[in-house]
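Close look at the chain arrangement
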Amino acid sequence: MPKILLVEDNEMNRDMLSRRLARKGFEVAIAVDGRQGVEMAQAAAYDVILMDMSLPEIDGWDATRQLRAAPSTRSVPIIALTAHAMSGDREKAIEAGCDDYDTKPIELERLLGKIEGLLGRNGKP
Amino acid sequence: MTARRAPRTAKPRAAGQPRRKPADEVARRLAALLKLSVEIGAAPDEAAICRSVVQGLHEGLGYGFLGIFLVDERTGDRVLEASVGWPDAPPRLRLPPGRGLSELPLQSGRLHYTPRVSGKARYVPTPNRGSEVDVPIGVNGRTVGVLVVESGKPDDFDHDDLEILTAAANQAGLALARARLLGAERRRADEHKALLDTMADLTAELELAPLLQATLRRAVTLLGVTGGELAIFDEAKRELVVVASHNIGKDSTGTRLPLGEGAMGTVAETHEPLLIPEYAEWLGRSGKYADITVHSVMVAPLLVGSRLVGAFAAVHADPERKFGPDDLRLLNMFAPQAAVAIARARLLEAERQRANEQKALLDTMADLSGELELSKLLQAVLRRAITLLGVTGGELAIYDEAAQELEVVASLNIGQDSTGTRMKLGEGAMGRVAQTHEPLIIPNYQEWAGRSQHYTWSTIQMVMAAPLLIGHRLVGAIASVHSDPTRQFGPDDLRLLNIFAPQAAVAIENARLYTAAQRQKQYFEDLVHNNPVAIVVLDRDHHIITCNPAFESLFGYPQAGIVGRDLDELISTDATRAEAVGYTQHVLEQGPVHGIGRRRRRDDTLVDVEILGVPVVVDGELVGLMGLYHDISELLRARQDAEAASKAKSQFLAHMSHELRTPLNAIIGYSEMVEEQVEEIGHGELAPDLRKIRAAGRHLLTLINDILDLSKIEAGKLELLVESFDVREMVDEVASTVHPLVEKNANRLDLRCAAQLGEMRSDLVKVRQTLLNLLSNACKFTDHGTVTLAADRERNGGGGDWLVFRVGDSGIGMTPEQMAKLFEAFTQADASTSRKYGGTGLGLAITRRFCRMMGGDVQVASDPGKGSTFTVRLPATLEVAAPAGH
């Protein structure tokens, strides 16, 4: 069962997305801010990290940069979740080291497609 | 000798090419020409006219070498009357007729321009190797001379030069014509006067005073009386004036007697002779003769026919002598002869006086050219005409070319002031001569059929009218009138009027030109003076020459205090000095400059100004510059405020949309999730309601996104991401994306793409979005119909191809009113449309803004009930000069 780390500060979005991913058969761990996200990613191995960009403590871009800088998390796939059409957000996300991005509100099918794509690339189920 | 022609133009230009000139230069040339024409007009003779022409062209308009040759009518020689730039010219150089450039106009009567003079063509002995203009000088249609203008440079004359030189030569011709006419007339007047003088010398008795004395003495002798008096009748005052007096006890010469007073007054009234046996006892004696001691008096009127010309009195100082019937018979014989002699002498006297007056008038006629104030001149012209012609009164009209009417501008003693009366060509006496260009005498005006209805009040008897012409051009008309039925106009009057009219015409035209030039000058001055923009004029050394009141109030300096000061020292600060001096230098060296800067007021406060500097060029020579300062501090403040407000708005919108979207995400996400779950837990009947919640949420989300897009476009924050893509691929992708929407209302999509659409370099996402917006609208408003998407490429050799996309539908269509506000935000055809078809009303507003951002536009054509077609035209290659939105 693929393990997903969802880094999201908004409680409802977190709850909703984690439950919907769980229903699709993923094991979902949750971090509520960037700092916790980095700590958790370094403490355990995840197949994909879904990273909200506007986070308290450390924002999503910084968190991504830190993960990319650490050897243990250098190659874990990260999907940035960005607000709609905020110009530059997605470019900044890719620049920070994200593998892909998706815009909120989440369309589950689309997000699943991106997750599957990254998992496949890494040779995992 | 080379022509020394000052450089008059900044740029070389092709000969014969008209060149646009700035208004100040045109005004300056006009002023120079006008000055020239005034000087020519004031020149007393032919030589002076020629000198005025060459001097005026040299000093006023900068021509370096000029000469005027006039043809000597007696010998045919060409005589150099005046020259400039030819110091070693032989005075009054004479050349026989020959072959050369200056001979050409004399033969053809036309101007000849020789852009490159070859040595062989020389006729006038100057070593000119440049270019030459030879202009004919015409008098009454005959070429009498030539104006020669040379330059050391080839191709140095342009179209304007030729026009100016032609105008100057025409002026010279007119002036020469006038001078010749005036000369001839003056000679005739001189001859006339000389003849009269000679006649008077030869026949002494024709002189009035000696004649009267002689007549009196002859009568005294004839009658054998002691003495006598002779008086002539002053018709104007209805009085007798004693003009000769002999031996009556005192010299009574000069005594005036009204009709009925005294002995002579009595006979002048009764036209009968009178015998007074004892004068001292006569009751009718005049008090003016109380001191004389004559006894018997015999008096007779002097009559020509029934017209009284004077009276004669004979007296006896001897109380013994009485007058008898013999005396009366002698008197009756003598009186008519005396009367006729006196009348004839008086006529001659009057004639001579008139000849003298005419000569004086002709002598002073040139004064008219000097008066440049139009209203004064017109009065003077009319007064002079009336005096010259010896008429009762007259009027003067000028021709209004625009209205094709004459307007009476001066009126004198014609019974009523007719000033301001307007007449069409052909109307009345002046209208008639204005039309025919011929003078006209109307012997009995009261019975003339052509009378204008404007003159029904007139009681005048006789009218003589003449057109005022310059060449064939009508300037005005003049009329002179007699109210005395016995006075008739004759050939002499017509001759005088013919001399007078052309001069009056030239004088009026000069004054009119001058007035127009003055008005134009005044106009420009007012324009500067009343301009709200601060204007300052500098010389080439950056020193202030003048400034307008707006400059005074903007910078706080009175003009008087700053004339001669260096502008940049005055109004720049240490920080802006280099910039200010740079602007000034740039204007002087390279041309106009436009910028925005900050300048210092007198009180050391700073003001933000828009600066415009333009060179002032007079006659091709840079004489200084003009600086315009527009206070933009308010404008800048307003812009800063607007920018701050816009930034705040954008931030607010970005923030708001984020805040709105977060709970919306939850609504949409949870409703989706629950929708999946209700089927699983067996409550499928709730699924439709959940779908409605989700659909409403999605709609709200689209709305928020559109508002955000629109506000970003309007804040200039939406960027273009230009990339190259294949148009056909893009269209196919759009077609497949829109497919579900097409099918929703049972519509059919008709895709028509041109074979070679090729590549496009633009913002792919926005092009796609544009087409999707239009297609989704078309699908929404069409039911069981056809939606068309056509794409074409409009080739344009220059590489600026356009891609044209047409989205058509067979839907409900729109009225022109609906179309008019179609692309405005939040506008659908009407409120019910929104309820029926949904949508935010922002799609088309965004579409149009996208198209314009990409250098194109979208248009719509529609018929209500038949459908609509939207046409999007976009440049195939979008050139992004600067990133949009920055």
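All figures in this text were calculated on a predicted structure; none of them were measured in a lab.

1. Remarks on the interface of chain A and chain B
Accessible area lost upon the coming together of the parts is a frequently used measure of interface size. Contact with chain A, which involves 20 residues of that partner, is made by 19 residues of chain B. Of the roughly 1,800 Å² buried where chain A meets chain B, counting both sides, 51% is carbon and sulfur surface. Linking chain A with chain B are four salt bridges. Where Glu676 of chain B meets Arg20 of chain A, a salt bridge forms, and the shortest distance between an N and an O atom there is 3.3 Å. Between chain A and chain B we count six residue pairs in polar contact (both at pLDDT 80 or more) in total. Among the elements of the structure, helix H1 (11-23) and helix H4 (89-96) of chain A are those that each provide at least two residues to the side of chain A that touches chain B. Among the elements that take part in the side of chain A that touches chain B, H1 of chain A stands out by supplying seven residues, more than any other. Looking at the side of chain A that touches chain B residue by residue, the class counts come to seven nonpolar, five polar and eight charged.

2. Section: the side chain of Thr847 of chain B
Residue and element names in this part refer to chain B. Along the chain, Thr847 turns up in helix H22 (residues 843-853). The class for Thr847 is buried, based on a relative accessible area of 0%. Non-local contacts of Thr847, meaning those with residues more than four positions away in its chain, are made with Thr770, Asn773 and Leu774.

3. Brief notes about the nonpolar core
All names here are of chain B. With 44 residues, the main nonpolar core has Val727, Met730, Met760, Val767, Phe805, Phe870 and Leu874 as its most contacted residues. Looking at which element gives the most residues to this core, the answer is helix H19 (residues 764-780), with seven residues. The contact partners of Val767, leaving out residues within four places of it in the chain, are Phe725, Met730, Met760, Ser762, Phe805, Met854 and Leu874. Grouped together as the second largest cluster of nonpolar side chains are 35 residues, Val54, Val135, Ile137 and Val144 included.

4. Some points on the confidence of the model for chain B
Residues and elements named next belong to chain B. Residues at a pLDDT of 70 or more form 86% of chain B, whose mean pLDDT is 81. For residues 1-20, every residue scores under 50 in pLDDT, and the model assigns this stretch 46 contacts once sequence neighbours within four places are set aside. Contacts from residues 882-886, a stretch scored under 50 in pLDDT, to residues over four places away or in other chains number six contacts. Reported confidences for the modelled complex are a pTM of 0.37 and an ipTM of 0.82.

Definitions and limits used
- Throughout, a residue's number is its position along its own chain's written sequence, starting from 1.
- Chains and ligands are labelled by the order in which they are written, letters from A for the one and numbers from 1 for the other.
- Per-residue local features are limited, in this predicted model, to residues with pLDDT of at least 70; the limit for side-chain atom pairs, both in listing and counting, is 80 or more; totals at the level of whole chains, interfaces and linings are taken over all residues.
- Excluded from the side-chain calculations are hydrogens and water; all other atoms, namely the structure's heavy atoms, are used.
- Throughout, a contact is declared for two residues whenever any of their heavy atoms are within 4.5 Å.
- When two parts are put together, the accessible area they lose, computed with a 1.4 Å probe and summed over both, is reported as buried area.
- By definition, a salt bridge exists where a carboxyl oxygen of Asp or Glu is found within 4 Å of a side-chain nitrogen of Lys or Arg.
- Polar contacts, as used here, are pairs of N or O atoms within 3.5 Å; protein pairs need one atom able to donate a hydrogen and one able to accept it. Residues neighboring in sequence count only if both atoms are side-chain atoms.
- Under the scheme used here, helices are H or I runs from DSSP no shorter than 4 residues and strands are E runs no shorter than 2 residues, and both carry numbers assigned from the N terminus.
- Gly counts as polar in this scheme, as do all residues outside two lists: the nonpolar Ala, Val, Leu, Ile, Met, Phe, Trp, Tyr, Cys and Pro, and the charged Asp, Glu, Lys and Arg.
- For each residue, the accessible area found with a 1.4 Å probe, counting protein chains only, is set against the maximum for its type, and the residue is called buried under 20%, exposed over 50%, and partly exposed in between.
- Residues belong to one nonpolar core when they are buried, are Ala, Val, Leu, Ile, Met, Phe, Trp, Tyr or Cys, and are joined through side-chain atoms within 4.5 Å.
- pLDDT expresses how confident the predictor is about each individual residue, on a scale running from 0 to 100.

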